[in-house]
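Descriptive analysis of the structure
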Amino acid sequence: MTDLTQLTIAEALDGLKQKSFSATDLTRAYLAAMEKGRGLNAYVLETPDKALAMAGASDARIARGEFGPLEGIPLGVKDLFCTAGTRTTACSNILRNFVPTYESTVTSNLWRDGAVMLGKLNNDEFAMGSSNETSCFPGPVNPWRRQGANDTTPLVPGGSSGGSSAAVAAMLCAGATATDTGGSIRQPAALTGTVGIKPTYGRVSRWGIVAFASSLDQAGPIARDVMDAALMLRSFAGPDAKDTTCVDRAVPDYAAAVGKSIKDMTIGIPREYRIDGMPAEIQKLWDDGAQILKEAGANIVEISLPHTKYALPAYYIVAPAEASSNLARYDGVRYGLREPGKDIVDLYEKTRAAGFGKEVRRRIMIGTYVLSAGYYDAYYVRAQQLRTLIKQDFEQAYASGVDAILTPSTPSAAFGIGEKGSADPVEMYLQDVFTVTVNMAGLPGIAVPAGLDNQGLPLGLQLIGRAFDEETLFSVASVIEKAKGRFPVSDRWWG
Ligand code: GLN
């Protein structure tokens, strides 16, 4: 039998329907791959017993003639999604032994549709980071290697959803859940040659997902191709009474949008994204992408999003502000870790000092500062005003007839573990320069692999859509995918 882990979700669904193999066979193939791939540190918890039980239940449903939209498909779950009875840590010491009693809406929807849980995936602590080097567990490794002579530097898989991107690229799961507050789905997807979509704010329920910055957080899939991303998003998007920011709107059939003609669509190229020092190969990738869309019948127009340059600084005020408030709940009293103290304040201080890592502490301090009396108007209010202007830039572009906007996903390919950000955190924050605008405006964005750099590493293009128009993103991304092909990691060096 062929290696079942090589099948995409769409192919595996076909095989299961035709009874070429069982859900248990498929799950066993992934469990074996996960064992071989342990050196990648993609999973922080493997749940083989649960996986086999879910696969067995799936086989029983298939035998009865029932077949859910993701029947028998083995998935990995970012460790930010609460899973009932299964440890959920947000990769923070403060939640190291936390076992939720409830299941997030996203994962419940996946299991309702027949999917199988393989385990919990690594991420940056509380999803703060762009390289997955802030996890309290050993960091995940990108399955891609530089093709240079003897260059064996292990590379980051991007962050914060680095376990998700590494596992999907290394075929240690058929697809994975992820979250994106400033780029954490799209940047890791770009750095691993996978597809990731951050849906419109309000498209997917945030209920049961450990909160980072609630007005920016949104869940989405990381998958091997555009079709698989469409199948996963269709399953877990949709209204949810448990999240009041989740919009009451039916979920379209995203799979039907994949491969649809983009003839006569208008694609905007924002001139402000042509940043100083952008590597020539990223500029070329971007130009090639525009050319592909033009050949597919789209009109390419240059547009201006004048407030782009404020997005990153404003994001790094708004996100820490919200994080400092969200993370106040980890006080040693109600959740997770508790370090005894001589009184309640001492207990708070000791618990929080022991439980939070360096980057999380930095964000709490920045957030508390920008929200404090005397600084609130100067920082937080101004950042919120900029956010409105950023949103208006996009609204104007769409009002002028643009259907989607094309940009690079990231300013660089994957970099070496330990290479960036240790001396100056801003160096790491710059990874988000093309992605944060989308969260600030609440819009959907997809990252699709579009080429390799001169060291043989994947690079991605991003498409930004109108609010609630994920379908256009799936259509346009599939045109790029069709022209460029998929980007599987060639040699399986990790197992
Ligand atoms: N890299 C960004 C940050 O550290 C975004 C992270 C995310 O999207 N979760 O805030």
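Let me begin by describing the structure that accompanies this report. (Residues numbered from 1 in each chain as written. Predicted model: local features only at pLDDT ≥ 70, side-chain atom pairs only at ≥ 80, totals over all residues. Heavy atoms only, no water.)

1. Things to note about the packing of helix α10 (residues 311-326) against helix α12 (residues 358-371)
Working note: a packed helix pair is described by the angle between its axes plus the distance between those axes. Going by this rule: To define axes, lines are fitted to C-alpha atoms, for helices over the stretch in contact only, and angles between the resulting N-to-C directions are given on a 0 to 180 degree scale. Runs of H or I in DSSP of at least four residues are treated as helices and runs of E of at least two as strands, each being numbered from the N terminus. Any angle that is under 35 degrees is reported as roughly parallel, and any over 145 degrees as roughly antiparallel; angles of 65 to 115 degrees are reported as roughly perpendicular and all others as oblique. Contact definition: two residues touch when any of their heavy atoms are within 4.5 Å. When residues are grouped by polarity, Ala, Val, Leu, Ile, Met, Phe, Trp, Tyr, Cys and Pro land in nonpolar, Asp, Glu, Lys and Arg in charged, and all others, Gly among them, in polar.
With their axes 7 Å apart at the nearest point, α10 and α12 run at an angle of 100 degrees to one another. It follows that α10 is roughly perpendicular to α12 by the angle criterion. Contacts from Y316, I317, P320, A321 and S324 of α10 reach α12 at R363, I364, I366, G367, T368, V370 and L371. For the contact of α10 with α12, a count of residues per class yields eight nonpolar, three polar and one charged.

2. A few points about the packing of helix α2 (residues 23-36) against helix α3 (residues 48-63)
This is how it is decided: Here is the rule for handedness: rotate from the far helix to the near one, and if that takes an anticlockwise turn smaller than a right angle the crossing is left-handed, while a clockwise turn gives right-handed.
Orientation of α2 relative to α3, taken along the N-to-C sense of each, is 160 degrees, at an axis distance of 8 Å. Between α2 and α3, the angle falls in the class roughly antiparallel. Crossing handedness for the pair α2 and α3: right-handed. Across from A23, T24, T27, R28 and L31 in α2, the residues of α3 making contact are P48, A51, L52, A55, G56, S58 and D59. Here the residues of the contact of α2 with α3 sort into six nonpolar, four polar and two charged.

3. Quick look at the pairing of strand β11 (residues 458-465)
Every regular strand shows the same layout, with side chains that alternate between the two sheet faces. Stated formally: A 1.4 Å probe rolled over the protein chains alone gives each residue an accessible area, and that area as a share of the maximum for its type sets the label: buried under 20%, exposed over 50%, partly exposed in between. Each pair of strands is called paired provided DSSP finds at least two bridges between the two strands.
Where burial is concerned, most of β11 is hidden: eight out of the eight residues are buried. When strand β10 (residues 445-452) meets β11, the two strands line up antiparallel, connected through seven bridges. Paired with P449 across the bridge in β11 is G460. Between β10 and the antiparallel strand that follows it, β11, lie five residues; G456 among them carries a positive phi value of about 80 degrees.

4. Regarding the environment of V436
By the secondary structure assignment, V436 is in helix α15 (residues 436-441). Note: C-alpha distance between V436 and A314 (122 residues apart in sequence) is 9.4 Å. When neighbours within four sequence positions are excluded, V436 is seen to be in contact with G182, A311, L312 and Y315.

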